[in-house]
Structure formats: C-alpha cells, structure tokens
Amino acid sequence: MNSILHAHPAPAGMDPAEWQARVELAACYRLFDWLGWTELIFNHITLRVPGEHARPQYLINPFGLHYSEVTPENLVRIDIDGNVQDGSTHTVNRAGFVIHSALHAARPDAHCIMHVHTTAGCAVSCKEEGLRHDNFYSAMLWGDVGYHDYEGVTTNLDEQPRLVKSIGERNHLILRNHGLLAVGPEVPTAFNRLWTMQRACEIQLATDSGAGANRSIPVEILQKVPETRVAGRGPTNRLIFEAMLRKAGVGF
C-alpha cells in the first residue's frame, strides 16, 4: 500500500520534518472536503511545526481558500501571536488564530487541533444536555468531553483563558451553539477522535428521531469503555487515517 506520506522531497531551504507535516496536514484538509466537513472558506485544522522554536509555531490554512485548494506549499506557518513566519502573503482568519493558538500554547500535547461546524455536531452543541454517553461511539468518549459556552464569534483574545479552562486535560470539546473540536498528538489521532465524536453526534440525532426512550449505559460499564478502544491507539489511528486518504484518493 502506498502512503501519501511518501511525497516529493522538501523544497530547497525547508526542513524535511516541516515538509512532512505540511504534506500530512494538507492531505487532512482534502480528506475533510471529501467527508463534507467544510464550511465555505471557514474553520481550521492546525498542526504544530516540528523542531525547536523560540515560540511555538503551527501551520494553518490560508484564509480565502476552500479546503479542496489547500496544498503543502500554501499552508501558512504562524506563531502563537499570529505572526507569519514563512514569508507567506496569505492572511489568516482571526477566529482560527484565537481558538487554535490558545490551545496550542496551553497544551504541549495538542500538536494537532481540528474544529468543524458539521450539521450533527452543531445540532448536538445546541442541545442543553449536550452529547449523551448512550451509544457505541459516545461511550468511547466517557470522561473526555469538555464544554465551552458560546460567547459570540471567537475573535476576542480575552476568551482564550476560558477556552483553555473549558477543555482542561480533555481531548474533545463541544463549543456550545457552535460546533466540535478535538486535539491530538498528531494528525491521525486527532482525526480519529473527531470522527468518533462526529459519529456519536450523528447516532444521537438518529436515535432521538425514533419512537421510544433511549436505553442508557450503566456508569460502571462506561468507565471501562475508553481503555478497551482498539481504535484509540496511535498505530491504529495511523492505519485508519491512511486508509481514508486512499479511499478519498488524496495524495500529493
């Protein structure tokens, strides 16, 4: 099986590790497009740039391009203050900077951050009870979902500490009345976490449309579920991610 990670050599003057990160992140943007997880030119997937830097730096999509137009070359490298670090002439969406820079700065383990406005995710984020842990996928997220109250379009820096507090040490965040967010140590793990949360939301909406009460899962069972997840492990996440890239025909 060929991997999209076997891409062309890094451009002259670019660290090979950064180029590899660019290839993987751009491929993820294309996969999101294939999955229908796009919102015009909005929303973001960010990835920390490997290596030692005076201040953390990460890659983000150029503002004004659709996810289907993102390439390894046109991704923008910025620092946590939003300053462009790679000479790019593209601008960066402020809401993406405010949300992602806050979490990248506060969580050293959050190398990749994904945020979407899917229909199912937005719908569940609008419900008072949020995501119930009563289906196969939501049970996997027991104890690992935070909530952040809606404060309007996320463009104010003073919201950053509250975002950080809302997610805490968790890996999944439901932005109330807004959408979904997941973090991970690399792209494949963040992708699988977001996919699982998105799938959980889809199933919750489906069960709520059917007649009769939903069957709950006992807490003593829920407490055991996360540690039994085969799909929650790094190597499996890589297999999932690359299989989906092949299915979507994504490559550079």
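What counts and what doesn't
- Residues numbered from 1 in each chain as written.
- Predicted model: local features only at pLDDT ≥ 70, side-chain atom pairs only at ≥ 80, totals over all residues.
- Heavy atoms only, no water.
- Axes fitted to C-alpha atoms, helices over the stretch in contact; angles between N-to-C directions.
- Helix = DSSP H or I, 4+ residues; strand = E, 2+ residues; numbered from the N terminus.
- Parallel < 35°, antiparallel > 145°, perpendicular 65-115°, else oblique.
- Left-handed = near helix turned anticlockwise from the far one by under 90°.
- Contact = heavy atoms within 4.5 Å.
- Nonpolar A, V, L, I, M, F, W, Y, C, P; charged D, E, K, R; others polar.
- Polar contact = N/O pair within 3.5 Å; in protein donor to acceptor, adjacent residues only side chain to side chain.
- Patch = residues over 30% accessible without salt bridge, like charges linked within 9 Å, V, L, I, M, F, W, Y side chains within 5 Å.
- Areas by Shrake-Rupley, 256 points an atom, 1.4 Å probe, with all protein chains shown as cover.
- Salt bridge = Lys/Arg side-chain N within 4 Å of Asp/Glu carboxyl O.
- Buried < 20%, exposed > 50% of the residue type's maximum accessible area, 1.4 Å probe, protein only.
- Core = buried A, V, L, I, M, F, W, Y, C linked by side-chain atoms within 4.5 Å.
- Pairing = 2+ DSSP bridges.

Q: Tell me about the packing of helix 2 (residues 94-106) against helix 5 (residues 160-167), and name the residues and values.
A: Close contact between helix 2 and helix 5 brings their axes to 9 Å; oriented N to C, the two are set at 55°. Taken together, the axes of helix 2 and helix 5 lie oblique to each other. At the point where helix 2 passes helix 5, the crossing takes the right-handed sense. Contacts between helix 2 and helix 5 involve Phe97, Val98, Ile99, Ser101, Ala102, Leu103 and Ala106 from the former and Gln160, Leu163, Val164 and Ile167 from the latter. Looking at the contact of helix 2 with helix 5 residue by residue, the class counts come to 9 nonpolar, 2 polar and no charged.

Q: Just give me the short version of the side chain of Ser166, but keep the residues and values in it.
A: As for its position among the elements, Ser166 is in helix 5. A polar side-chain atom of Ser166 sits 2.8 Å from the main-chain carbonyl oxygen of Arg162. Discounting residues that sit within four places of it in the chain, Ser166 has contacts with Gly146, Tyr147, His148 and Leu173.

Q: Lay out a nonpolar patch on the surface in plain terms, naming residues and giving numbers.
A: A cluster of nonpolar side chains, contributed by Leu40, Phe42 and Phe63, occupies part of the molecular surface with about 290 Å² of accessible area. Locating Phe42 in the fold gives a position in the loop between helix 1 (16-35) and strand 1 (44-48). Note on Phe42: relative accessible area 36%, which makes it partly exposed.

Q: I'd like to hear about unusual backbone geometry, residue by residue, with values.
A: We note that Asn43 has phi near 75°; this positive angle belongs to a residue other than glycine. Turning to its location among the elements, Asn43 is positioned in the loop between helix 1 and strand 1. Here Asn177, not a glycine, exhibits a phi torsion of approximately 60°, which is positive. Of the residues examined, Asn177 reaches a relative accessible area of 44% and is grouped as partly exposed.

Q: How would you summarise the nonpolar core if you had to cite specific residues and measurements?
A: Among the nonpolar cores identified, the biggest contains 43 residues, and Phe32, Ile45, Met114 and Leu194 are the most heavily contacted of them. Going through the elements one at a time, helix 1, strand 1, strand 4 (112-116), helix 3 (119-125), helix 4 (136-140), strand 7 (179-184), helix 6 (187-208) and helix 8 (234-248) are the ones with two or more residues in this core. Top element by residues in this core is helix 1. It accounts for 8 residues. In this structure, Met114 is in contact with Cys28, Phe32, His44, Ile45, His100, Leu180, Leu181, Ala182, Val187, Ala190, Phe191 and Leu194, ignoring residues within four places of it in sequence.

Q: So, the sheet that holds strand 3 (residues 76-79): which residues are in play, and what are the values?
A: Spatially, 3-2-1-4-7-6-5 is the arrangement adopted by the 7 strands of the open sheet, whose pairing is mixed. Two strands close off the open sheet at either side, each with one partner strand: strand 3 and strand 5 (145-148). In this sheet, adjacent strand axes meet at a mean angle of 20° when their direction is disregarded. Relative to strand 2 (residues 57-60), strand 1 runs antiparallel, the two being bridged by 2 bridges. Residue pairing for strand 2: Arg48 is matched across the bridge by Tyr58. Packed onto the sheet, helix 1 meets strand 1, strand 2, strand 3 and strand 4 and runs at close to 160° relative to strand 1. Set on the sheet, helix 6 makes contact with strand 1, strand 4, strand 6 (172-175) and strand 7; between it and strand 7 the angle comes to about 150°.

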